[in-house]
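Working through the structure, step by step
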Amino acid sequence: MAVELCLLLLLLCGNTVSEVQPLHKPPPGTLDFGFVPAKTYDTNAYHEPGPIGILFRLVHSFLYLVQPNSFPQDLIQKLTQQKFGNVQGDYQKAIYYEIGFIVPAALGLLFVLLLPLVGLCFCMCRCCDNCGGEMHQRQKKNADCRRGCFATFLFVASLIISIGVLCAYAANQHLTSQVRGAKNLVHSNFKDLRIFLNNTPGQIDYLVSQYNTTKNKALSDLDNVGPLLGSRVQERFAKEVRPALDAALTMAGAIRETKEALENVSVSVEVLQEGTERLHSNLTDVKIHLSNTLSDSACSAAQAASTCNIIRNSLNQLNINANFSGLPGVSTQVAKVNDVLKIDLSSLVQKGYAAFNNTPDLVLNQTRNILSDIKNLLDFIGSNITSFTKMLPVQKVLADLTIYLTQSEAYVQDYFPVVEQYDFYRWLGCLILCCMVILILVFYYLGLLCGTCGYDKHASPTTRGCISNTGGNFLMAGVGFSFLFSWVLMIVVVITFVTGGNIEKLVCEPFEDRTLFKVLDTPYLLNRHWRNYLSAIVLKNPEINLTFEKVYSDCKENKGIYTTLHLENLFNINEFLNISMYTEDVSLKIEHINVNLSNIVLLDEIGKRNLLDFSSSGIDGINFAAYLTEINKSVTKVDLLSFANDLEARADQLPKGALENALKGHANSIRMIHNQQVVPLEQAMSTLNQSIRLLQRTSSEFMVKVRNVISAVDAAQFLISNDASLVIIQETKKYMDMIIGYFEQYVEWVKESITMEVAACKPIANVIDTAVDIFLCSYVIDSVNTFWFGLGGCSIFLIPAIICAVKLSKYYRRMDTEDVYDDMENGNNGYHKEHLYGIHNPVMTSSVEQW
């Protein structure tokens, strides 16, 4: 009880954490609390027997063959509750379950009773010269075959007995070596328990200290309330404000572009008007000069007349085509746009941007007092947690448990030499049993060796050699010791078989598949007044569903003992660590945050008036059709370069002379006019075309765009002025959820840590596994079962070995008498082997003895 209570106290600080339900949605940010400090346990509660494991598995298979029945859970429960036998058929069920042990045990007891009796009768029978005791061998024709078969069977039986005694000896040595090594295993378990006790306070301190991580993160976000809360508020309005201000800024740029376009139109028109006048004058001069040249007498000649007429008829094409002198001016529009540009609309829009971007600083300045109160509250929560953990008597309980653990370890260390001493006696007794079998085997092997090596098939039974006779005597000695020792061996085999086999089937196998825990968890089994025994012992409440199986499974998975033992049913510390109460206080503080954004002005009346003035600048009144009509015309009626090239080509058709040269000179003059006057005019027309079309597009959309910009700015300003309080409340709620979410993360982390990491009870499961699975089952029972399995095989095969040894010794020992007779047909007197003639002549033998 002390252990459970201590572990409970060690984990008190997490109880509230495990019960508090989340009040809000999980926060977007994730806190890193690190890892709960954990020590590495030395005990490895797993035993690998090594090569002898093959024998262990063989014995397990044999036991399953002998006892294939499932675990008798109902019978064990009735027996524990002292209700066994109350129901008719319980004894039959028990006998049916144990029949696999009862039958072999009965046969073993019959062996124990009959074999000494048979040996006594056999001895007395041989003393009366019966049962092979007569030193006379009947001669048979298949004597060699019989001798070989008996020797083979005896050798095979001896080999099997040898294997059995080796198995028994290996099991005996394995048990001793494991018992000697168990001291380190026990020490390892005590060391893990001590680590378990010593590490738990540090884990609790770590959990408590990580509150500072939560608090520091909350304080950091509170210090950054401007960037966090202010930026959130700003982003909510940004969907309306930024497009409106961007449109206003774009409109400011459009005003400047409009001014540039108007100026380009004004300049281009002036350039075109002046250029066309000059071009008209130059083209007129060229026509006059060409007319004079064509009036020359050379054009009257028959070869030049037609060419000159063609040139004379094309002179009308040398004239301007576009007339820019009648285009209306744009000076009025330019003046109005210049008046609009006297007010820097871009600067006004930038002021709106700056005012809107200043929202985080505005929030920060207006929440300083409330943030100070929240910080003080967080410090108060941390001091409460720290002070409460100091109130727990953790160190005192730990000191008491450490003393108890030290005393237990000292007790085990003091009595472990006694265990080793008794194990030595056991080892010595088992070794003596093995030596008994080995002594019998020595006689059998020596008998086979001497008998086989010393046997002479040509010697008569009475003249057999000393070695052969010694072999027969060894065999009979082995038979004698077999009768002396076999019943002792079988007694040990029966006792260990019944004990070890039942422990394996009723303890080890149920422990492995956890059926044993289900029996222990049977309601009212260990105490007729308690439904759940473990919960009654640990929690003082037998109605709580705390089972041995669940506790063992949780400890096997290295879960925290707080969750494993359901210690939350003993203590409730919500009154000390009520996180929900603290979070409500924090929520109330945060809800008092009130931010006033009425000072934000996106675009003042001057800026709006400026936009309206621009829309009424008269750009839409420009006669764009007149401009486009002239712009779409060419500068001259004919392409001067083409005209010059054609003129030069026709001059080449004239006879060589002054006329040809004069026409070519005029062509060059036309080219010069094109390059110096027409090309610049075309460039000016292109500029005018771009500017006019830009103004045309702009004028068609100006009024709509200006109204839209002003409407967007007014809508955004209205949103800030009227909906700011609602948006601030909503974003403050999200900000509050984020701050409180840090505490909920701390709560969940502590809950998970207590469940899986704090006071992880793996050492407790290791102690149980060490005591039952490793020491009892793997070390002791597997070795004991392997010992009786090997020794039992030896005992059983001693019976055929006895029979074969008795039969075989007759062929090795020197006989006192033998079968002889006279063979009259051959004229010989003397003995003849029965295997040569196949007859038995007792009369002849009797006469020989008298002789």
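Residues numbered from 1 in each chain as written. Predicted model: local features only at pLDDT ≥ 70, side-chain atom pairs only at ≥ 80, totals over all residues. Heavy atoms only, no water.

Quick look at the overall build of the protein chain
Quick reminder of the rule: Only DSSP runs of H or I reaching four residues or more are called helices, and only runs of E reaching two or more are called strands; each is numbered from the N terminus. For every residue, the accessible area obtained with a 1.4 Å probe (protein chains only) is divided by the maximum for its type, and the residue is called buried under 20%, exposed over 50%, and partly exposed between those limits. Two residues qualify as a contact provided that any one of their heavy atoms is within 4.5 Å of a heavy atom in the partner residue. Residue burial considers only the protein chains on display, and all accessible areas are found by Shrake-Rupley using a 1.4 Å probe.
Helices and strands together make up the secondary structure of the protein chain, namely 27 helices and two strands. Within the protein chain, the fraction of its 851 residues that count as buried is 46%. Put simply, 88% of the contacts in the protein chain that link residues at least 6 apart link residues at least 24 apart. Total accessible area on the protein chain is roughly 42300 Å²; 58% of this is exposed by carbon and sulfur atoms.

As for the side chain of Ser809
In this structure, Ser809 sits in helix α25 (residues 762–812). Residue Ser809 is classed as buried on the basis of its relative accessible area of 2%. With sequence-adjacent residues up to four places away left out, Ser809 is seen in contact with Gly472, Leu475 and Met476.

Remarks on the packing of helix α6 (residues 143–209) against helix α7 (residues 211–223)
The condition that has to hold: Axis definition: a line fit to C-alpha positions, over the contact stretch in the case of helices; interaxial angles, taken between N-to-C directions, run 0 to 180 degrees. The scheme is simple: roughly parallel for angles under 35 degrees, roughly antiparallel for over 145, roughly perpendicular for 65 to 115, oblique for anything else. Three categories are distinguished: nonpolar for Ala, Val, Leu, Ile, Met, Phe, Trp, Tyr, Cys and Pro, charged for Asp, Glu, Lys and Arg, and polar for the others, with Gly belonging to the last.
Remark: α6 packs on α7, axes separated minimally by 4 Å, with the N-to-C direction vectors making an angle of 10 degrees. Classified by the angle their axes make, α6 and α7 are roughly parallel. Together, Leu207, Val208 and Ser209 of α6 and Tyr211, Asn212 and Thr213 of α7 make up the contact between the two elements. Classifying every residue of the contact of α6 with α7 gives three nonpolar, three polar and no charged.

What to know about the pattern of salt bridges
Applied cut-off: In what follows, salt bridge is the name for a side-chain nitrogen of Lys or Arg lying within 4 Å of a carboxyl oxygen of Asp or Glu.
Under the counting rule described, the total for this entry stands at eight salt bridges. The salt bridge partner of Glu509 is Lys505, with a shortest N-O separation of 3.2 Å. Of this pair, Glu509 and Lys505 are both found in helix α15 (residues 466–512), four residues apart, which corresponds to roughly one turn of the helix. Taking the relative accessible area as the measure of exposure, Lys505 reaches 4% and is therefore buried. Among the salt bridges present, the one from Lys556 reaches Asp769, with a minimum N-O distance of 2.4 Å. Within this pair, whereas Lys556 is found in helix α18 (residues 548–556), its partner Asp769 is found in helix α25, the two being separated by 213 residues in sequence.

Here we look at the packing of aromatic side chains
Basically, it comes down to this: For Phe, Tyr and Trp, where Trp contributes only its six-membered ring, two rings pair if their centres lie within 6.5 Å, and the inter-plane angle classes them as stacked under 30 degrees, edge-to-face over 60, or tilted in between.
Evaluated as defined, the whole model comprises 20 aromatic pairs. Three or more aromatic residues joined by ring pairs form one cluster here, namely Phe62, Phe101, Phe497, Trp788 and Phe789.

Notes on the state of the cysteines
We count it as follows: Sulfur atoms of two cysteines make up a disulfide when they are within 2.5 Å.
Here the structure, examined in full by the defined rule, presents two disulfides. Covalently, Cys508 is tied to Cys777 through a disulfide, its sulfur atoms 2.1 Å apart. One quick way to see it: the torsion about the S-S bond of Cys508 and Cys777 is about -100 degrees, and its sign makes the bridge left-handed. Here Cys777 lies in helix α25 and Cys508 lies in helix α15, a separation of 269 residues in the sequence. The partner cysteine of Cys555 in its disulfide is Cys761, sulfur to sulfur 2.2 Å.

Considerations on the environment of Asn338
Relative to the elements of secondary structure, Asn338 occurs in helix α10 (residues 331–341). Between the alpha carbons of Asn338 and Arg256 there is a distance of 9.2 Å; along the sequence they are 82 residues apart. Not counting chain neighbours up to four residues away, the residues in contact with Asn338 comprise Lys259 and Glu263.

Remarks on the packing of α6 against α25
Convention followed: By convention, the crossing between two helices is left-handed when the near helix turns anticlockwise from the far helix through less than a right angle, and right-handed when the turn is clockwise.
The N-to-C vectors of α6 and α25 enclose an angle of 165 degrees; their axes lie 7 Å apart at closest approach. On the basis of their axis angle, the class for α6 and α25 is roughly antiparallel. Taken as a pair, α6 and α25 cross one another with a handedness that is left-handed. Of the residues belonging to the contact of α6 with α25, the class tally is 35 nonpolar, eleven polar and four charged.

Comments concerning the confidence of the model for the protein chain
Basically, it comes down to this: Think of pLDDT as the predictor's per-residue confidence, scored from 0 to 100.
Overall, the prediction assigns the protein chain a mean pLDDT of 75, with 75% of residues at 70 or greater. Segment residues 1–28 is flagged for pLDDT under 50; beyond a separation of four residues in sequence, or across chains, it makes 81 contacts in the model. Predicted confidence for residues 821–851 stays below pLDDT 50, and this span has 47 contacts to residues more than four positions away or in other chains.

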